[in-house]
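Each chain, letter by letter, is given below.
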Amino acid sequence: MATTALLNARVLAGENLQDGLAVLVRDGSIASVLPAEQARAQASAVHDLGGGILLPGFIDAQVNGGGGVLFNNDTTAEAIAAIGRAHRRFGTTGFLPTLISDDAPVMARAVAATREAIAAGVPGVLGVHLEGPYIAPARKGTHDASKFRVPDAAEVAMATSLDNGVTLVTLAPEQVPLETIRAMVARGAIVAAGHTAATYEQARAGLEAGLRGFTHLYNAMSPLQGREPGAVGAALEDREAWCGVIVDGVHVHPASLRVALAAKPRGKVYLVTDAMPMVGADDPSFALYGEVITAVDGVVRNAAGALAGSALDMATAVRNSVRLLGLPLEEAARMASTYPARFLRLDDRLGRIAAGYRADLVLLDEALQVRATWIGGAREDVA
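One numbering rule holds for all chains: residues counted from 1, following each sequence as written. Per-residue local features are limited, in this predicted model, to residues with pLDDT of at least 70; the limit for side-chain atom pairs, both in listing and counting, is 80 or more; totals at the level of whole chains, interfaces and linings are taken over all residues. Water and hydrogen atoms were dropped before computing side-chain values, which therefore reflect all heavy atoms in the structure.

A. Geometry of the overall build of the protein. Counting from the N terminus, the helices are DSSP H or I runs at least four residues long and the strands are E runs at least two residues long. A tally of regular secondary structure across the protein gives 11 helices and 21 strands. We compute the radius of gyration from the C-alpha atoms alone; for a globule the expected value is 2.2 Å times N to the 0.38, where N is the number of residues. Relative to the globule expectation of 21 Å for 383 residues, the C-alpha radius of gyration of the protein, 20 Å, shows essentially globular dimensions. In terms of its C-alpha atoms, the protein occupies a principal-axis envelope of roughly 60 × 45 × 40 Å. Working definition: with a 1.4 Å probe on protein chains only, accessible area under 20% of the residue-type maximum means buried, over 50% means exposed, and in between means partly exposed. Counting all 383 residues of the protein, 59% fall into the buried class. Taken as a whole, the protein presents about 14300 Å² of accessible surface, with 49% of it coming from carbon and sulfur. Each charge class in the protein can be summarised by its mean position, and for the 33 positive and 40 negative side chains these summaries are 4 Å apart. Per-residue and other accessible areas follow the Shrake-Rupley method at a 1.4 Å probe size, with only the shown protein chains counted as cover for residues. Think of it this way: Lys and Arg go in the positive column, Asp and Glu in the negative one, and His and the chain ends go nowhere. Every charge is mapped onto a representative atom, which is NZ of Lys, CZ of Arg, CG of Asp or CD of Glu.

B. The sheet that holds strand E14 (residues 242-245), seen in detail. With parallel pairing, eight strands are arranged side by side in an open sheet as E6-E9-E10-E11-E12-E13-E14-E15. Looking at the sheet topology across the chains shown, the edges are occupied by strand E6 (58-63) and strand E15 (269-271). Pairing geometry for strand E11 (residues 166-171) and strand E12 (residues 190-193), over four bridges, is parallel. Within the sheet, the bridge partner assigned to Val169 lies in E12 and is Val191. The strands that helix H2 (residues 77-88) touches are E6 and strand E9 (92-100); relative to E9, the one it contacts most, it runs at about 130 degrees. Only heavy atoms enter the contact rule, under which two residues are in contact if any of them lie within 4.5 Å. Every axis in this analysis is a line fitted to C-alpha atoms, fitted for helices over the stretch in contact. Angles between the N-to-C directions lie between 0 and 180 degrees. The strands touched by helix H3 (residues 104-119) within the sheet are E9 and strand E10 (127-131), with E10 carrying the most contacts at an inclination of about 160 degrees. Strand pairing follows a simple DSSP-based rule, namely that at least 2 bridges must link the two strands.

C. Geometry of the nonpolar core. Among buried residues, those of type Ala, Val, Leu, Ile, Met, Phe, Trp, Tyr and Cys that are joined through side-chain atoms within 4.5 Å constitute a nonpolar core. Residues Leu55, Leu171, Phe214, Leu271 and Leu344 are the most contacted members of the largest nonpolar core, which totals 96 residues. Once you skip the residues sitting within four places of it in the chain, Leu55 turns out to touch Leu12, Leu17, Ala333, Ile353, Asp360, Leu361, Val362 and Leu364. Ala9, Val11, Leu21 and Ala372 belong to the second largest nonpolar core, which has 18 residues in total.

D. Structural context of the side chain of Thr160. Within the secondary structure, Thr160 sits in the loop between helix H4 (153-159) and E11. Within 3.5 Å is the distance limit for a polar contact, defined as a pair of N or O atoms, with the added protein rule that one can donate a hydrogen and the other accept it, and that residues adjacent in sequence qualify only through two side-chain atoms. A polar contact is formed between the side chain of Thr160 and the side chain of Arg187, at a distance of 2.6 Å.

E. Expanded view of the packing of aromatic side chains. Stacked, tilted and edge-to-face pairs are distinguished by plane angle, under 30 degrees for stacked and over 60 for edge-to-face with tilted covering the rest, among Phe, Tyr and Trp rings (Trp via its six-membered ring) whose centres lie within 6.5 Å. Under the defined criterion, the tally for this structure stands at two aromatic pairs. When the centroid spacing of 6.1 Å and the interplanar angle of 50 degrees are considered together, the rings of Trp242 and Phe343 count as tilted. Taken as a pair, Trp242 in strand E14 and Phe343 in helix H11 (residues 338-343) lie far apart in primary sequence, 101 residues in all. Accessibility expressed as a relative area gives 0% for Phe343, which makes it buried. Between Tyr270 and Phe343 the ring centres are 4.8 Å apart and the planes differ by 20 degrees, which places this aromatic pair in the stacked class. Here the residue Tyr270 occupies a position in strand E15, and Phe343 occupies one in helix H11, the gap between them amounting to 73 residues. Residue Tyr270 is classed as buried on the basis of its relative accessible area of 3%.

F. Examining the pattern of salt bridges more closely. The term salt bridge refers to a side-chain nitrogen of Lys or Arg lying within 4 Å of a carboxyl oxygen of Asp or Glu. Throughout the structure, instances matching the rule amount to 17 salt bridges. Residue Asp102 pairs with Lys147 through a salt bridge whose shortest N-O separation is 4.0 Å. One end of the pair, Asp102, is in the loop between E9 and H3; the other, Lys147, is in the loop between E10 and H4, and 45 residues separate them in sequence. You'll find Asp102 and Lys147 in the same group, each marked buried.

G. A look at unusual backbone geometry. Residue Pro133 is reached from Gly132 by a cis peptide bond, and omega for that bond is 15 degrees. As for its position among the elements, Pro133 is in the loop between E10 and H4. In this structure, Asn8 is a non-glycine residue whose phi angle is positive, near 65 degrees. One can find Asn8 in strand E1 (residues 3-13). Phi is positive for Asp274, which is not a glycine, with a value near 55 degrees. Turning to its location among the elements, Asp274 is positioned in the loop between E15 and strand E16 (285-288).

H. Inspection of helix H8 (residues 254-263) at higher detail. For H8, every residue scored as buried is listed here: Pro254, Leu257 and Ala260. Buried residues of H8, viewed axially, fall in a sector of 115 degrees; they line one side. Looking at the packing, one finds that the buried side of H8 touches helix H7 (230-237), E14 and E15. Taken from the helix axis, the directions to the C-beta atoms give the arc we talk about.

Honestly, that's just the spatial picture; any functional story needs more than this.
Below you can see the structure in the form of structure tokens.
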């Protein structure tokens with residue numbers, strides 16, 4: 001098998017960016033990380049990375065759309081591939097196509113399309129995220145409340161039927177029986193709280209029933225207050241719970257994000273985009289539930305003024321984490337790769353630059369702009 005050496009970059013191997021290292025890639029995986037002078041002797045091909053910054057590929061657990069495609073409107077493997085292509089140019093090498101609250105037949109098609117995409121080897125797709133419809137009308141955001149319901153056993157089985165990838169389900173723990181959460185977890189799903197009006201006690205009960213984390217922390221959930229900690233309080237207090245955050249300077253104030261980072265154990269906060277179709281597309285508009293939604297100055301809202309996802313990409317989220325939150329690039333990169341891999345239980349093969357891991361990588365320049373990505377060792381340059 002051919003071995004390619006990636007040379008002349010600062011490599012995030014371990015805790016810090018390091019100079020003088022090379023990454024050897026063989027058969028889609030990282031064969032080793034070693035001093036550059038040793039790599040040349042072992043490689044059949046050498047790629048000079050021009051002094052850039054080599055990071056683990058970004059993993060986005062919440063991607064509603066991209067490249068002009070909304071998953072709700074096109075629940076096919078081809079749509080998933082188009083969304084993945086759009087986000088790849090921004091460093092995303094692994095993602096969950098995300099279905100906003102919809103009818104059961106649409107959900108079934110989304111699961112089937114994800115199964116087909118993974119089986120066909122569509123680059124980057126890791127599973128599916130079903131965001132709703134088991135959520136709270138009081139915290140619905142742009143979701144259509146007419147779709148909301150409590151799933152019966154048959155629907156639980158359908159929603160958790162993906163057998164070749166990750167299933168993430170976002171629900172409101174006060175809206176479904178705790179037995180439903182336990183059943184989803186028993187069937188292998190990762191369950192997160194989101195779009196929830198839960199009291200602190202209801203959120204705690206959900207965590208005890210198997211909730212693994214919280215979807216877009218602070219957004220569409222009961223806030224932390226002095227006498228009522230709410231879902232946010234439960235999220236920040238629980239040391240095991242994972243928290244996804246949208247770092248676009250719009251969804252959450254940077255100070256609130258810094259509070260979350262201070263409250264949570266390191267590694268429990270990860271980046272998501274909640275991206276809509278305009279990411280990687282020229283058209284700032286798309287249709288959801290028959291309503292045309294347009295991004296204005298990069299902010300996506302529906303006609304009622306509710307935030308309707310984002311126009312954020314992962315590379316921008318990383319840059320924002322450095323600029324707005326004051327994080328070192330290494331930690332911002334881990335929030336985009338290592339930590340979401342752990343949340344999705346894929347950290348045995350994704351999220352690090354280390355021997356034995358899949359060669360999912362992103363090359364940044366000094367301005368932290370994406371210059372190239374690798375998925376399973378296959379390189380794609382960004383113009």
